[in-house]
Structure formats: C-alpha cells, structure tokens
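Residue strings, one per chain:
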Amino acid sequence: MILDSKIPAGPLAEKWTKHKFNSKLVNPANKRKYEVIVVGTGLAGASAAASLAELGYNVKAFTFHDSPRRAHSIAAQGGINAAKNYQNDGDSVFRLFYDTVKGGDYRAREANVYRLAEVSVKIIDQCVAQGVPFAREYGGLLSNRSFGGAQVSRTFYARGQTGQQLLLGAYSALSRQVANGKVKLYPRSEMMDVVMIDGQARGIVTRNLITGAVETHTAHAVLLCTGGYGNVFYLSTNAMGSNVTAAWRAHKRGAYFANPCFTQIHPTCIPVSGDHQSKLTLMSESLRNDGRVWVPATKETAEKLRKGEIKVNDIKEEDRDYFLERKYPSFGNLVPRDVASRNAKYVCDEGRGVNETGEAVFLDFRDAIKRDTKAIIASKYGNLFDMYKQITGEDPYQVPMMIYPAVHYTMGGLWVDYNLMTTIPGLYALGEANFSDHGANRLGASALMQGLADGYFVIPYTIGDYLAQTLPKSIDANHPEFIKAAEEVKNRISQLLKINGKKSVDYFHKKLGKIMWNECGMARSAEGLKKAKAEIKELKRDFWADVKVLGTNEELNLTLEKAHRVADFIELGELMIDDALSREESCGGHFREEYQTPEGEALRDDENFAYVAAWKYMGENQEEELHKEPLVFENVKLTQRSYK
Amino acid sequence: MQLTLKIWRQKNASDKGGFATYPVDHVSKDMSFLEMLDVLNEELTEKGQDPVHFDHDCREGICGSCSLYINGKPHGPLQTTTCQLHMRSFNDGETVTIEPWRAKAFPVLKDLVVDRSAFDRIIQAGGYVSVGTGGVPDANEIPVPKTIADLAMDAAQCIGCGACVAACKNASAMLFTSAKVSQLALLPQGQVERKTRAEKMVAQMDAEGFGACTNTGACEAECPKGISITNIARMNREYFSAVVSSENL
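Definitions and cut-offs
Residues numbered from 1 in each chain as written. Chains lettered and ligands numbered in written order. Predicted model: local features only at pLDDT ≥ 70, side-chain atom pairs only at ≥ 80, totals over all residues. Heavy atoms only, no water. Contact = heavy atoms within 4.5 Å. Buried area = accessible area lost by both parts, 1.4 Å probe. Salt bridge = Lys/Arg side-chain N within 4 Å of Asp/Glu carboxyl O. Polar contact = N/O pair within 3.5 Å; in protein donor to acceptor, adjacent residues only side chain to side chain. Helix = DSSP H or I, 4+ residues; strand = E, 2+ residues; numbered from the N terminus. Nonpolar A, V, L, I, M, F, W, Y, C, P; charged D, E, K, R; others polar. 1 Å grid on protein atoms, 1.4 Å probe; cavity = no way out; pocket = protein on both sides within 12 Å on 5 of 7 lines; lining within 4 Å. Points joined across faces, edges and corners; volume = space filled by probe spheres on them. Axes fitted to C-alpha atoms, helices over the stretch in contact; angles between N-to-C directions. Parallel < 35°, antiparallel > 145°, perpendicular 65-115°, else oblique. Left-handed = near helix turned anticlockwise from the far one by under 90°. Pairing = 2+ DSSP bridges.

Undergrad: Please clarify how the interface of chain A and chain B should be interpreted in this entry.
TA: The parts lose accessible area when they come together, and the size of an interface is often stated as this lost area. Counting residues at the interface gives 74 residues for chain A and 72 residues for chain B. A buried area of about 6,000 Å², summed over both sides, lies between chain A and chain B, and 51% of it is on carbon and sulfur atoms. On the chain A side of the interface with chain B, the three residues burying the most area are Arg 70, Arg 159 and His 276 of chain A, jointly 11% of the side's total. Its salt-bridge partner being Lys 11 of chain B, residue Glu 555 of chain A comes within 3.4 Å of it at the nearest N-O pair. Linking chain A with chain B are 47 residue pairs in polar contact (both at pLDDT 80 or more). The element contributing the most residues to the side of chain A that touches chain B is helix H6 (residues 162-179) of chain A, with 9 residues. Here the side of chain A that touches chain B is composed, by residue class, of 29 nonpolar, 29 polar and 16 charged.

Undergrad: Where do I start with the side chain of Ser 65 of chain B in this structure?
TA: Note that Ser 65 of chain B resides in the loop between helix H1 (33-46) and strand S3 (69-70). Setting aside its immediate chain neighbours within four residues, Ser 65 of chain B contacts Arg 70 of chain A together with Asp 55, His 56, Asp 57 and Arg 116 of chain B.

Undergrad: Any chance you could explain the layout of surface pockets here in plain terms?
TA: Space left empty within the atom packing is revealed by a probe, the size of a water molecule, rolled over the atoms. Residue and element names in this part refer to chain A. Reported here for the second largest pocket is a volume of approximately 930 Å³. Along the wall of the second largest pocket there are 37 residues; nearest its centre are Ser 273, Asn 355, Thr 392, Glu 394 and Met 402. Taken together, the elements giving at least two residues each to the lining of the second largest pocket come down to helix H8 (299-307) and helix H12 (374-392). Of the residues that constitute the lining of the second largest pocket, the class distribution is 15 nonpolar, 13 polar and 9 charged.

Undergrad: Please clarify how the packing of helix H2 (residues 117-124) of chain B against helix H6 (residues 194-207) of chain B should be interpreted in this entry.
TA: Two quantities define a packed helix pair, namely the angle between the helix axes and the distance between the axes. Residue and element names in this part refer to chain B. Two numbers describe how H2 lies on H6: the axes approach to 8 Å, and their chain directions differ by 155°. The angle between H2 and H6 falls in the class roughly antiparallel. H2 and H6 meet at a crossing whose hand is right-handed. Counted together, Arg 121, Ile 122 and Ile 123 of H2 and Met 201, Gln 204 and Met 205 of H6 form the full contact between these two elements. In terms of residue class, the contact of H2 with H6 is made up of 4 nonpolar, 1 polar and 1 charged.

Undergrad: Could you clarify how one ought to interpret the sheet that holds strand S6 (residues 189-197) of chain A in this entry?
TA: Within a sheet, neighbouring strands are paired by backbone hydrogen bonds and run either parallel or antiparallel to one another. Residues and elements named next belong to chain A. With antiparallel pairing, the 3 strands of this open sheet are ordered in space as S6-S7-S8. Looking along the sheet, the strands with just one partner apiece sit at the ends: S6 and strand S8 (214-218). Strand-to-strand twist in this sheet, taken as the mean axis angle between neighbours without regard to direction, amounts to 30°. Relative to strand S7 (residues 200-208), S6 is paired through 8 bridges, and the arrangement is antiparallel. Across the sheet, the residue bridging to Glu 190 is Arg 207, located in S7.

Undergrad: Sorry if this is basic, but what is going on with the sheet that holds strand S1 (residues 35-39) of chain A here?
TA: Residue and element names in this part refer to chain A. Strand order in this open sheet of 5 strands is S5-S2-S1-S9-S17, and the pairing throughout is parallel. Two strands lie at the open edges of the sheet, namely strand S5 (183-186) and strand S17 (427-429), each paired on one side alone. Neighbour to neighbour, the strand axes of the sheet diverge by 20° on average, direction disregarded. Bridge analysis of strand S2 (residues 58-62) against S5 gives 4 bridges, and the strand direction is parallel. When the bridges of S5 are listed, Lys 60 appears paired with Lys 184.

This is the structure in structure tokens:
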C-alpha cells in the first residue's frame, strides 16, 4: 500500500483554506442520518463529539472513566500555545509553525503543522467564549507566559491547571449536546475492537465495565481520541488508566502505527522514591521560566550532599553548575524537553546527581524569589509548590526542588492522512492517539493545542468529505462481522480468565516497564534494543501462560481490565523496539547512542531517515512490515537543531 | 510501619456489604495512600482473594476519581485528595477505616467505588455557555477584570470528586453546583443564561436526591481544592433573583 498523505497542493499558507473548500459537504438535513462514534472524551474527543453534534450528526461518545471530565487531558498543567501575538513580541503563524517543526527535529509534516499553527488562534477564542478562566492582566486582557523551545511568549494559561480548565470547557460543550440529545454518552465502557465491513470501519465492540456485557455499536465513522501509550513504561506521568488498547486493536485490524519509538521524556518530574511507586508526577515545564537547573560542579560535592554531610543551601555559588545555562546560553533553562532531559541524564551519569538514588537534579527558585518576592512566585506556581510539598515533604520555597526526567507523552501513534483518517477508511485518530504534528519531539503547551485543533477545527471539516461519499443508510447491527468481532472479544476475555497462573498483571507491567525504560528510554543502542526484543518476546509467552486474573467477567473487575491493557502494551513494546532499531539516527526524543555529535547532541540523518515510519500488522507473532512516507520540506531549511 | 485496615467490602450494588479487616506491614512513609492499597491488592491477589476496588486515575489530585472516606473524613486527615495523601500522615500500629462515599445520590457499585453520574447530569442541566464551535469573537474582545477572572478561577478549580457531598450530613451537592454557577455568573460570557442556569442546575440537583444546605461548612472544610462556601451564598442569590424575575420558567 502506498501511503497517501493527501496533503493539498499549493502554497503552505493556502493549503488548509483550499482543502476546506474542496472537501465535500453533507447537507444539513442529511447530517442527522449519520452516526459517528467518538472513543475517548479528553480534549480531542470531547471537542470533536461536541462540534460534530452541533453540526447535526448523531454522536455516541465512549469513555472508560465514570465521567468524561476525568480524561487525562485534565492533568496538563502549563498552558496552550497560540500564535495570537498579543504580546507584540514578533510571533506569527509562521513562527509557531517554524518553532514546532524545528522543535520536532524535522520529523513532522509541514502542512499539518502549519494548519495547527493557523487554527491555534481560533482555539483561544473558542475557549474564552465558553468561559474558560484564563489568566488576565489588570487591564482585563489575556496574559501569556513563555515556554520551552520558543523565544516569544505565546502560551495562554489558567494557573497551573490549564488542561483542567480547557477540558472542563470541552466537557461543558459536550454536556450541552448530551442535554440536547445529540450525544449519547457511554461512561465506564471500554472499546475492545473495531468492526470492519467491506474494508471500512462500521462500529466498535465495547465492554461495559460494571456488568461485563460485551456490546456492539454501529456508526458511519469511528474516531479514536484515546490518548497516548506512555504507560508502556509502567512508570510515567500518564494516569493509571491511560492505555493503548483502542489504538492497538485498530492497528491489528489494519491501521498502520507510525513512529512508535518517538516518546517524550519530560525533564521536570518528581524523582522516583521507591519500588512501591505507581506513577510519576510532573512539575510543569513553566517552572523552568523562573527556576534554575543545577547540580554540584564536582562529583565530590555531590557525594557529600547525598550522604547528608552538607546541606544544599550551603553550596556556594561557584560550586554550582547551572549546566543548561552554561551549555545553551541563548535558551538557557528553556531548551526543549528532549535536550533538557538528556543533559540531566548526563550529569547524573557523571555521578553528580543530588538525591539518594543519584538520579535527580535541582530546580532552584532562590534567585527568582529574591528578584520577584515569594508572593509573586506563589501566585504563578503556588499549586505546583503545594503539590511538591505534599508528595516529598519538602518546601520548595526553602530548598530547591529535585527533579528527574520521566516518560510523559508519545509523539508516535496511529498513522493518519491530512484528514486525520487512518489507513482504515472511516476510522480517524485525533489528538495524542495520532502521530501527526509533533515529529520526534513535542514542544511544551502544544499537546492541548493539537487535541483541541483536531476536535474543534479539523475533523468537523474533514469528516464531511468522507461521509458525503457514504450513503446515509442505517448499518445492520446484526451483520455477521459484528457478531464475529463480539465473539472474538468474549473469547479473549475467557482466555484471560482461564489461565489462572501465578503472576499478577502488575508483575508483567512492571517488568515490561523496566525493559522499555532501560533499553528504549532516554538513550538507545542496537545492542540493547536487540536484547530487549528477546526479553519482550519471552515476557509475552510468560504472560499468556502464567498470568493470574481473578474474578469473573460479569462484574466490575479492575484486574481483568488491566490484563487486557497490559497484553496490548507488551505487543506494542515489541513494535517500539523494532521502530527504534530501524531508525539508525538520533532525532528529538529518539536518541541512538551510535549517532551523536562530538558534543553529545542528536545527530540526524536527513538523507536516509526523513520519513514517517508506518508499521503494518502482519499477524500474531509475525514481524511487522515497514512502510515509509517521505517527509518533504519546502518551507523550512533542515539544520542541526541548535539552542546554543 | 504496620497498620490494620478496616475496609468496606461490597460485591455489587445489590449486596448488603460489610467491613473486612486486613493487617498490612512494610508500609513506607513515602508511599501514597493508594500505593499502600496497591500493595495490599497485590497480596490479596497472591492469596487468590478479590482485590479491593476503588476509583483512581491521575494520582496527581486533579482528575477527581479517587474518593475514599478515611477515618471518618473524605480524602482522609489532610485537605487534599486521597491520591496525594501520603503514609507519613499515619502512625505505626494505627487502625485505618476506609469506606466509600455515603450518599443516596451516589450508590455504591462495588467496594469503594460509587456512581457519581448525578454530577454529570447537574452540569448537563446548564453548566455551560451555549456557544457552538466557531463564530465567536476574538478572545481579547471580552475583557475580564483580573479580580473577577481570579474569583471565577477559584470556583472553576472544582474537580468533581464529591467530597463535599460525602462530608455533608445532608449529602448536599450545593458546593459542587455553586462552584459552576459562580464561575459562569461572575464572567461576562455567562450573563445571557445566568438566570436559567441557576434555576435548572438547582432543580436537577434536587431531582438527583441530594439534600439541602444547612450552612454547617463541612464541605468547605473537606474540599481538597479549597472551594469556598461563599460560592453557595452566591448561588443562593443567583437562584432567588432568578426565581423572582425569571423570563424562562
């Protein structure tokens, strides 16, 4: 199959406008004859479901949570980018586009990123109209902050809870459509499979998480807005329930999976405290606006600090190494996430880490408090400081925070064309679930932007083009494909319940996480990846022979839910390894030790690897097939990314 | 440290339910409360016993999923969410009692998991500004005084966990409902539907079977996000002015 990205011809700035005009429309009277399924109710899902219902489509929205408002978009802290140029500091749509393509280390599609930058301004308008309480200046206008990877202030925020406020905005729009009867909501329902009829997505199979009932639902189009797969690493900043299952089942039905190895390790997370740890907590990147990152200048001082022989505040200025400011004078502490994470790893590998495990660096607000007063710092980051204190028992107003990188976001995802359609006709992927806009590294405050762009302003246009070519006749819920797909789901459930082995689901998840973090985390090598692949294959065998899933299907059964998800993570893990192995270059979050500059920066190979790697599922335990979509750059010049 | 856990076990919505006692040792002070329960569940699974079911997700104090009633207090001894509560708040040898939220409008589904969809229906009754996607004015065309924006944000921080209902002797949802009514009543965007919103949301709250407010302030004291009861006062004003001058109902 040749991957057709369907990028419209013509100048970059006109592509989206032209494409909207050229897309077919569904007339208003016909819209009510179409059913659309939206899986997931985070920023992408809630905004898509609400917007499509407003247009007149009949929407069914599914979430495994008890309420759409619990989706993990809610946890995004720092902000959302938009090229408003309200600050008069030189921002523009083109600059946001340029920063995002460069930040992604030139592994994203120009046309998609430009569209994202273009609609970003409308997102802010939309959210304000919904009553999202963004931060304001005294004159009543909107306030902005700066963020990593950019030299302009274009980030809109609502204290340290921007994701919460944006999601509640989208949730309110969704709730309005539920009240209007245009959206039917299915909470505590997990998607288990896509149903295909004549090569097109025509519905889904779900499991009711309260009763265990396996149900089928028909639709003329299915939207997967199911987030990222960071939990393949077990420990991540993702919510406990975040999973790859919906995307993975679609993959097994024929949707190609793109750039799975592109994962983002966020530099500012609270370090691991022990084996009991269930998740990692992010401290917003916005903290790097005022906090300074440092470690002791020498190994010896760091050792004394770890042993408790000296106190952090006693370390003299000349004995501190503000390594980001030193190495990257023009961006300083605001270098992009991949660069900041990698450098934290380097200094810790040198033995200069600052906590007991040696895997932490300082993020220090001493100078900012001196400059701005404690009250001003508290007004910007109060809730984050409180959260830090709650978790660690230490007061960041008095002593520097300790941070260490952690898995945070996955740039890879289901391959989609310019219309956000996967390689399965009628099946779309939006938000973090797709691969499209962030290349090999996502800039801060861009995930919220993409989720809402896809849901509010892209899919309402592109879905019409597909539906207009599909007859609006109702789909037969008793079609043999529905019955067959439901049977397969039931069989898998009983298979899991029958194994009755000795090891818990979490045992497998933790083991998988360790393999992935060690060999497919911040630094990767051919040797390590090959070893990891063998280990994962063995883990998969062991899982299906020896996992212990208690209880029955016909009840609320958290272990069974998790078993399904972990089984899919194991398979995804193997594909990530394949992808990381085949990409023999370093770019963004993908750092292959064999490919680096003498200064230890990522060394891209544009001649051989300027492509999207899209993987095709070939059957149980078969090697997946790699398809390449070449990336063409007409508007930006590919350079060695430099933040010096 | 060692603890004795007294946990509410209930097989499903129709089961009567009751307490079961579990001793746990090797509890570290750095564990979160939910991680302590994870460890218990691993042990139960090993023994072939059904693990304790509880709602949780982000474990960052923002999604509002976690909901335990610990030693007679929603989310336990601190004014935070259960997922942010750490074991350093407990003492070696202590007995810790864990129950689900108790309210008629929040039926127990299993063990510590309750159904909070009533909150969704209250929002569906009017907790929004009726604007569709697109066709809205430029964001800076709606100036909002900073003090008002900050007050609206204070109210908007509600995570919908239901601790206010669990804390209230009347199982009232006034704090939850008033937080949304306040946010939108304060902002210029919310003015057009101000009256109908207050009326409809209050009506839905009553229809769900939540109790009335008698101003004891327990909700505010237990709210992990510090939502103030001045929001309830504001909602009462909104509601009264709406019912005496309503054009809609």
